[in-house]
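# Residue-level structural notes
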Amino acid sequence: MARTRRGLLLAGVTGALLAMVGPIGAAWAQDVPKVVRFGWFNGPRPWIIGKAEGLFDKRLGTKVEWIAFPSGATALTTLAAKEVDIVRLGSSPTVAGIVRKLPIEMIAISGVIATSERLIGKKGINTVKELEGKRLAYPPGSTAHYALMAALKVNNVDVGKTKLLGLTPADMVAAWKRGDIDAGYVWGPFSHQMESDNGRELLATKDLWKSSYFVWNNYVVRKEFSQQYPALIVKFLQTFEETANRYKQNPDEAARLIAAHLDQKFEFARDTLAGLEYLPLKEQLTPKWLGNSQTKETATIAKSMADAANFLAELGDIRKQDIPSSFAPSINTTYMEKAVGGK
Amino acid sequence: MANLGPPPKIELRHVSKSFQDLKRGRETVAVEKFSLAVQDGEFLCLLGPSGCGKSTILNLVAGFEHPTKGEVLLDGEPILRPGPDRGVVFQEPMLFPWLTVLDNITFGPRMNGGRPEAYLSAAARYITLMGLSGFERHRPYELSGGMKQRVAIARAWITDPKVLLLDEPFGALDAQTRLMMQELLVRVWEQARTTVVFVTHDVEEAIFLADRVCLMTARPGQLKEDLRIPFDRPRNYEDLVPDKRYVELKRQVFHSIREETIKFMSQDAGAGPA
Amino acid sequence: MIFGNRKTLISAAAVATAIAAWTIVGSLGLTTSLFLPPPQEILTTTRELLRDGYRQVPLWGHILVSLARALVAFAAAALTGVPIGLLMGMFPAFHAVLDPFVQFLRPLPKLALIPLVIVWFGIGELSKFLLIYLATFLTVVVSAAAAVLSVKEGRIRAALALGVSPYKLFRYVIFPSVMPDLFTGVRVAIGIGWTTLIAAEMIAANSGLGWMVINASSYLRTDIVMLGILLLGATGYALDLLLVTVQRLAVPWMGKD
Ligand SMILES: Nc1ncnc2c1ncn2[C@@H]1O[C@H](COP(=O)(O)OP(=O)(O)OP(=O)(O)O)[C@@H](O)[C@H]1O
Ligand SMILES: [Mg+2]
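My aim in this report is to walk through the structure given alongside it, one point at a time.

Analysis parameters
Residues numbered from 1 in each chain as written. Chains lettered and ligands numbered in written order. Predicted model: local features only at pLDDT ≥ 70, side-chain atom pairs only at ≥ 80, totals over all residues. Heavy atoms only, no water. Helix = DSSP H or I, 4+ residues; strand = E, 2+ residues; numbered from the N terminus. Buried < 20%, exposed > 50% of the residue type's maximum accessible area, 1.4 Å probe, protein only. Contact = heavy atoms within 4.5 Å. Areas by Shrake-Rupley, 256 points an atom, 1.4 Å probe, with all protein chains shown as cover. Lys, Arg positive; Asp, Glu negative; His and termini not counted. Charge placed at Lys NZ, Arg CZ, Asp CG, Glu CD. Buried area = accessible area lost by both parts, 1.4 Å probe. Salt bridge = Lys/Arg side-chain N within 4 Å of Asp/Glu carboxyl O. Polar contact = N/O pair within 3.5 Å; in protein donor to acceptor, adjacent residues only side chain to side chain. Nonpolar A, V, L, I, M, F, W, Y, C, P; charged D, E, K, R; others polar. Near = heavy atom within 4 Å. Expected span 1.5 Å × (residues − 1). Pairing = 2+ DSSP bridges. Axes fitted to C-alpha atoms, helices over the stretch in contact; angles between N-to-C directions.

## Quick word on the overall build of chain C
A tally of helices and strands in chain C yields eleven helices and zero strands. When the helices and strands of chain C are listed from N to C terminus, the series reads α-α-α-α-α-α-α-α-α-α-α. Taken along the three principal axes of its C-alpha coordinates, chain C extends 70 × 55 × 25 Å. Relative to its full complement of 257 residues, chain C shows a buried share of 47%. In chain C, 74% of the contacts between residues at least 6 apart in sequence involve partners at least 24 apart. Accessible surface, chain C as shown: approximately 12,500 Å² in total, 76% of it carbon and sulfur. Distance between charge centroids for chain C: 8 Å, based on 18 positive and 11 negative side chains.

Okay, here's the thing in structure tokens:
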């Protein structure tokens, strides 16, 4: 009697253990989490089409929870707290996160910043060089921050002679209206607001490409999450490409849909959407951008990330010795490769 | 009562005082048609059950409260506000804790532009009389309860008030200290002969101290009995306790008080929202 | 006194235990420096910042900048808040006029005011001052007004019976009576004001402990964040100790009557 009972108990425990282990093993096949938490910022982007139409939920076969972040810094801390799975993040915070050994991997570029982020100066200031001795604002830790410092460097502006002010975009516009700043590097709609109020574009991020400064937005995933649900990541990238293509086919219609969904002005959505370049995944896999598993080490993005890291170290925001010898290990192109191959 | 000559020191004429209780929307009549005259130099004790309006009467004389009806007079003049001509001592000493004993005692004259030579010598006299020598520089919180109350009495007396109003000044003290304080108070009073109204619960205290004991009815307070205390001064308890008149007086007062207290309790129990 | 010493001892032991636990957790590798940098790392960071400064400003520079901002605001808040609060306590009509504004503004998170402060007063030191000032001032006002209302009626009557004029009543009785409460109120207010420092230094700052914490957090420099928090806490604690000492000297009768 007792032996049977013990046998039953043993079987029960084994069963329970198996039940617990089971889903993890099966995850490699097709299991999906109950919910995917996706972090984003309020700007208009092609994939918002997917959000508006519930396309991501459909393609991924699970519920997508959208978490809007006010800043890259908040996104980083939320990633550290494991409260978000996939984040659309700027290149600068991504670099900072990797340097600080945040367990994340970069899986694809969502958009290369071209004209969506711009340096606006007061009327009367005509060149970047003339910013010497002026008060310049930037959103701290953002892609625009990096672009501003790059612009100053490329134009041989003595940074010591300028007064740099870290401000959130909204505060920057307020300060601009009061005449407290002479120039600011920021994205839309804030750049438009400054421009229309006695401002003038001095430079757009695209102008820095020729000096090989690249600033982009990318998708990062918590490693723990991507290892558990790799197939889901692949589907996610395919859905992203699908929305990007739809945008490219009919930008105005996409802009209208996105603007309506975000409660933003159509013109603003249209201009912002046009301010980024959406690289096809195939193109991203070339050494000109991320490269693939074999070439990523020497591809442009890994190098640009190292540049950005060195820049942050120079500012004193990160430690020089914390910078990894290569950023390639934090770039995972296998999902893109699968996404492209699977089509 | 129809005295000729100068008006009484203090006179309450048909005084009523009621308090508005806004929260409960009712009115408490503390004192009703109360009349009393206190002669110059008289030591009067006001006795009565709790809540009968003793403090109210004292506050009216002090000028803290105004009568709803009737008149309160000092030397025949209506009392409008508090002033240094009426010294007040409360159950709690109410000293100023940031001042030394000496500065507490001289507070009145200092606030009223008294000359330092005058008030310092007066203070020295009261400090000796009140047994506070050596404590001039102490702060109130460094004194015992009895000492604090002696400072409070000195502070009220130093302004040479026309009347001294004391509201259960020894109520919070232990029995021994209380006896000591009573003797001390009488000793000083015998020199100053200020008109005193002394409110107390304590029958023995009243008989020991007063020339006249006024017994009040339960609320609303009215005069129930007005007794002359026949004993010669200086008095002491040792002589009083075996005295037959003392025993009889005490019995009489206790009886009256008990009557009123019982009335008060039953009235209180039945006093719902009126 | 013996108890005082024992209390200090217990406090010291509690702090030592916390630091020891923190060290052990750190050295066992139970946590990464991203989540909880061990004390050793904080020490290294401190040494680095002492040597190189943080973002071109020496570490003591950050401390001094924050202290200067806060102390100017505290002084202004005490100098204006105490009289206004006392007047509110003395005059019910004045209280009725100001109270709705005070009660409305006081519980507002000061972060919410940043956009308005910037639009109205710009991004200079004035805005930072105003945020700290406002938080401190409102608390001082409320506690000063409450202090007047809590003066014992009996003490005022005792003074009135001694023949004081209304002005002297205020100057020589009410004011000293509210002193202990004023000190407590200012202490509480300064504690609140100090916490507003972070909000204030979110406005276009390039230095200061609050700014250091915010900026370092953008780059997940948890070590600098923790160092900043430790310094903020220690400085706030030191300020409070200073005030307690002044209070003990200025109102020795506090709590004894
Ligand atoms: N400020 C006030 N507001 C409302 N009611 C009051 C006020 N002062 C006194 N009373 C009421 O008036 C009545 C008489 O109060 P009073 O303090 O004069 O009594 P008392 O004889 O001094 O009592 P005790 O011996 O207990 O001190 C009581 O019923 C009391 O509740
Ligand atoms: Mg009473």
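Read on for the rest.
## Topic: the interface of chain C and chain A
Chain C puts 27 residues into the contact, and the matching count from chain A is 32 residues. In total, chain C and chain A occlude about 2,400 Å² of area from one another, counting both sides; carbon and sulfur atoms represent 52% of this. On inspection of chain C and its partner chain A, the count reaches five salt bridges. Two residues, aspartate 223 of chain C and arginine 319 of chain A, come together in a salt bridge whose shortest N-O distance is 3.1 Å. Counting across the interface, chain C meets chain A through 15 residue pairs in polar contact (both at pLDDT 80 or more). Among the secondary structure elements, those contributing two or more residues to the side of chain C that touches chain A are helix 2 (39-52), helix 5 (114-121), helix 10 (209-218) and helix 11 (222-250) of chain C. With six residues, helix 5 of chain C is the single largest residue contributor to the side of chain C that touches chain A. Tallied by class, residues from the side of chain C that touches chain A come to 13 nonpolar, nine polar and five charged.

## Topic: the site of ligand 1
All names here are of chain B. The immediate surroundings of ligand 1 are formed by 13 residues, with Ser50, Gly51, Lys54, Ser55 and Thr56 found nearest. A distance of 2.7 Å separates an oxygen atom of ligand 1 from a polar atom in the side chain of lysine 54. A distance of 3.5 Å separates an oxygen atom of ligand 1 from a polar side-chain atom of glutamate 168. Of all the elements, helix 1 (residues 54-62) adds the most residues to the shell around ligand 1, at three residues.

## Regarding helix 6 (residues 143-154) of chain A
Residues and elements named next belong to chain A. An ideal rise of 1.5 Å per residue puts 16 Å on twelve residues; helix 6 measures up with 16 Å between its terminal C-alpha atoms. Burial runs high along helix 6: ten of the twelve residues are buried. Within helix 6, burial applies to Thr143, Ala144, His145, Tyr146, Ala147, Leu148, Met149, Ala150, Ala151 and Leu152. Backbone nitrogen of alanine 144 and a side-chain oxygen of the N-cap are separated by 3.3 Å at the start of helix 6; the cap is serine 142. Within two residues after helix 6, asparagine 156 carries a phi angle of roughly 55°, on the positive side.

## A word on the sheet that holds strand 10 (residues 216-222) of chain A
All names here are of chain A. Spatially, 2-1-3-10-4-11 is the arrangement adopted by the six strands of the open sheet, whose pairing is mixed. The open sheet is flanked by strand 2 (63-68) and strand 11 (276-277), the only strands paired with a single partner. Pairing analysis gives seven bridges linking strand 4 (residues 104-113) to strand 10, with the strands arranged antiparallel. Residue pairing for strand 10: alanine 108 is matched across the bridge by tyrosine 219. Along the sheet, helix 4 (residues 72-80) contacts strand 3 (86-90), strand 4 and strand 10; its crossing angle with strand 3, the most-contacted strand, is approximately 145°. In the packing of helix 5 (residues 91-99) onto the sheet, the strands contacted are strand 3, strand 4 and strand 10, and the crossing angle to strand 3 comes to about 115°.

## Quick look at the sheet that holds strand 3 (residues 43-47) of chain B
Residue and element names in this part refer to chain B. With mixed pairing, the six strands of this open sheet are ordered in space as 6-7-8-3-9-10. Because the sheet does not close on itself, it has two edges, and the strands there are strand 6 (86-89) and strand 10 (223-228). Sheet twist, expressed as the average angle between the axes of neighbouring strands with direction ignored, equals 15°. With respect to the sheet, helix 1 is in contact with strand 3, strand 6, strand 7 (163-167), strand 8 (195-200) and strand 9 (212-216), its orientation differing from that of strand 7 by roughly 150°.

## Points about the arrangement of the chains
Between all two pairs of chains that are in contact, chains A and C come out with the most contacts. Note that chain A does not reach chain B: the shortest distance linking a C-alpha of one to a C-alpha of the other is 51 Å.

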